[in-house]
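Listed below, chain by chain, are the residues.
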Amino acid sequence: MKIIARSTLALFFLLLLSTFVPAQSEQSETDTPPRIPTLEEVQSGRAAIAQYIPMDFSFQIGIIGTFLKEITTETGSVTQIKSPLILINPANGGIGVYAKNFPARIVANSTNGDWVVGIAPSSAVEGSSGSRYREAAVSLNMKQGDINLISEFPLHSNFQAVFDKQDENVVYYCVNEPAEVNQIFGLNLKKDEKGKIPAEGNRFMLYGLLPEKNPMMWINDPLSTRDYPVLKLLNMKDGTMGSRVEFPGADNVVVSPDGNHVLVTVSQGAESSIGYYNIEDGSFHQVPGLVLVKPLFKWAREGMQVIAKESSTVEDRFILIDLETGQSRVLFSAKFKIAFWDISPDNDALVFVTESDSDPILFVVPLDPQLKTINRIQLSGVSDITWLGCLSTPPRKSGGGWLENLLPF
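Residues numbered from 1 in each chain as written. Predicted model: local features only at pLDDT ≥ 70, side-chain atom pairs only at ≥ 80, totals over all residues. Heavy atoms only, no water.

**Observations regarding the overall build of the chain**
Here's step 1: Along the chain, the regular secondary structure elements total two helices and 31 strands.
Here's step 2: A buried classification covers 52% of the 409 residues belonging to the chain.
Here's step 3: Here the analysis covers contacts within the chain between residues at least 6 apart in sequence; of these, 47% occur between residues at least 24 apart. (Helix = DSSP H or I, 4+ residues; strand = E, 2+ residues; numbered from the N terminus. Buried < 20%, exposed > 50% of the residue type's maximum accessible area, 1.4 Å probe, protein only. Contact = heavy atoms within 4.5 Å.)

**Section: the pattern of salt bridges**
Here's step 1: Going through the model one piece at a time under the given rule, you end up with 11 salt bridges.
Here's step 2: Here Arg226 ties to Glu246 by a salt bridge, and the two come within 3.9 Å at their closest N and O atoms. Taken as a pair, Arg226 in the loop between β15 (216–220) and β16 (230–235) and Glu246 in strand β17 (residues 241–246) lie far apart in primary sequence, 20 residues in all.
Here's step 3: Asp342 serves as the salt-bridge partner of Arg301, at 3.6 Å between the closest nitrogen and oxygen. With Arg301 in the loop between β23 (296–299) and β24 (305–311) and Asp342 in strand β27 (residues 338–343), the pair connects residues that are 41 residues apart, well separated along the chain. (Salt bridge = Lys/Arg side-chain N within 4 Å of Asp/Glu carboxyl O.)

**What to know about the nonpolar core**
Here's step 1: In this structure, Ile61, Ile63, Ile88, Leu362 and Leu379 are the most contacted members of the largest nonpolar core, which totals 24 residues.
Here's step 2: For this core, the elements supplying multiple residues, two or more each, are β2 (59–73), β4 (85–88), β5 (94–99), β28 (349–354), β29 (361–366) and β31 (382–392).
Here's step 3: Residue contacts for Ile61: discarding those within four places in its chain leaves Ile86, Leu87, Ile88, Pro90, Val351, Leu362, Val364, Leu388 and Gly389.
Here's step 4: Counting residues in each nonpolar core, the second largest holds 17 residues, with Leu85, Ala120, Met142 and Leu391 among its members. (Core = buried A, V, L, I, M, F, W, Y, C linked by side-chain atoms within 4.5 Å.)

**Structural notes on the sheet that holds β29**
Here's step 1: What the four strands build is an open sheet, ordered β27-β28-β29-β30; its pairing is antiparallel. Lying at the two open borders of the sheet, with one neighbouring strand each, are β27 and β30 (375–378). Strand-to-strand, the axes of this sheet are offset by a mean angle of 15°, without reference to chain direction.
Here's step 2: Where β29 meets β30, four bridges bridge the pair, whose relative direction is antiparallel. Among the inter-strand pairings, Ile361 is bridged to a residue of β30, identified as Gln378. (Pairing = 2+ DSSP bridges. Axes fitted to C-alpha atoms, helices over the stretch in contact; angles between N-to-C directions.)

**Re the pairing of β24**
Here's step 1: A large share of β24 lies buried, amounting to six of its seven residues.
Here's step 2: Note: β23 against β24, four bridges, orientation antiparallel. Pairing of Phe297 across the sheet is with Ala308, part of β24.
Here's step 3: Taking the residues that link successive antiparallel strands as the turn, the β23-β24 hairpin has five residues, and the phi of Gly303 there is positive, at about 85°.

**Quick word on the environment of Ser123**
Here's step 1: When you line up the elements, Ser123 lands in the loop between β7 (115–121) and β8 (134–141).
Here's step 2: By relative accessible area, which is 58% here, Ser123 ends up exposed.
Here's step 3: For Ser123 and Tyr133, which are 10 residues apart along the polypeptide, the C-alpha to C-alpha distance reads 9.2 Å.
Here's step 4: Beyond its immediate stretch of four places on either side in the chain, Ser123 contacts Gly130 and Ser131.

**Examining the packing of aromatic side chains**
Here's step 1: Summed over all chains, the structure comprises 12 aromatic pairs.
Here's step 2: Judged by centre distance (5.6 Å) and plane angle (15°), the ring pair of Phe153 and Phe159 falls under stacked.
Here's step 3: With a centroid separation of 5.0 Å and 40° between ring planes, the pair formed by Phe318 and Phe352 is classed as tilted. In this pair, Phe318 sits in strand β25 (residues 316–322) while Phe352 sits in strand β28, placing the two residues 34 residues apart along the sequence.
Here's step 4: When the ring centre of Phe185 is taken as reference, the NZ or CZ atom of Lys194 above it lies at 5.1 Å.
Here's step 5: Here the guanidinium or amino end of Lys298 rests over the ring plane of Trp341, the centre of that ring lying 5.1 Å away. (Phe/Tyr/Trp six-rings, centres within 6.5 Å; stacked < 30°, edge-to-face > 60°. Lys NZ or Arg CZ within 6 Å of the ring centre and 35° of its normal.)

In short, shape yes, function no, at least from these values alone.
Structural data, given as structure tokens:
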């Protein structure tokens with residue numbers, strides 16, 4: 001792999017061209033959306049959203065937020081706070097509680113839907129110190145409901161986790177504690193076996209995995225003193241370092257799910273232009289004609305497409321971009337702020353939630369331009385959302401499926 005020439009990147013990133021013409025959403029934002037059922041109905045595991053328009057999807061929408069439940073006692077009314085993992089089926093509007101109390105922000109989930117890894121206050125994690133000054137990374141088995149401690153660390157640490165595509169029981173993680181020497185670990189969640197990756201360095205940043213037979217992790221070069229991203233490939237078996245690539249002038253990089261491409265962003269003020277790097281031939285390609293305002297990016301699960309969320313003073317919007325052709329399409333635009341968002345595992349839907357302290361609205365938007373239905377769901381009684389994501393549904397086994405093991409509060 002060859003190193004990208006600085007002059008090529010510098011020239012590309014000076015090309016800031018015209019911006020998009022805003023598109024409007026397919027439905028009025030003033031209509032009252034259907035609400036989720038009452039807390040009692042949701043916790044029963046048999047609730048459904050009224051007036052929901054069925055959609056041909058095969059994934060689940062996971063949401064973690066806060067529910068306030070009033071309990072009557074002999075001395076009066078008491079407010080109980082719960083943070084369950086809510087699952088919504090976008091195919092039919094079915095809704096239920098999976099984990100009865102999972103006050104965590106999820107940082108990684110396996111694509112087969114078996115596992116999620118989240119970070120929770122130590123006070124909420126069994127087996128931890130319980131200190132209010134520490135947090136803990138935990139794993140949740142989506143088939144059995146088991147929650148297990150992975151690691152505990154001080155507040156403000158940078159915990160990262162990436163699942164192995166060849167064996168989705170294996171997760172690689174790094175804590176990056178303040179003022180500590182840190183290492184990358186490989187953990188088999190099914191066997192509960194952990195090993196340290198023999199890599200030299202400190203303050204590792206895990207960008208993504210190249211899922212070969214011997215997986216290679218894109219990390220920041222531990223020895224680099226550059227003020228722009230410098231990535232290296234780390235062998236996750238023996239800790240040897242592979243190819244190294246620099247991105248002069250860039251301020252952000254996002255590795256594709258297959259690890260073969262790196263999206264590169266360079267900003268000038270609030271505006272950004274993009275390009276991508278191809279690991280196979282070491283080439284860099286600009287995406288001409290695009291100027292994005294304060295964008296955030298997610299790769300589609302397959303192919304050479306990304307979705308950008310733009311955020312301006314007057315609107316937030318999502319844009320689907322084909323990196324190879326440069327073609328783009330506005331998926332949704334709105335005069336409100338958008339918080340968490342994700343792309344479905346089969347690249348057929350965009351899911352996001354509005355930024356709101358209480359009763360936020362969840363949107364399910366098809367990516368197929370021929371499908372015009374947009375479902376909106378008001379998350380009544382939910383506040384302080386910490387995570388939203390699209391989860392695959394594990395295959396059914398004898399004795400019940402994934403969604404049949406819903407847990408009550």
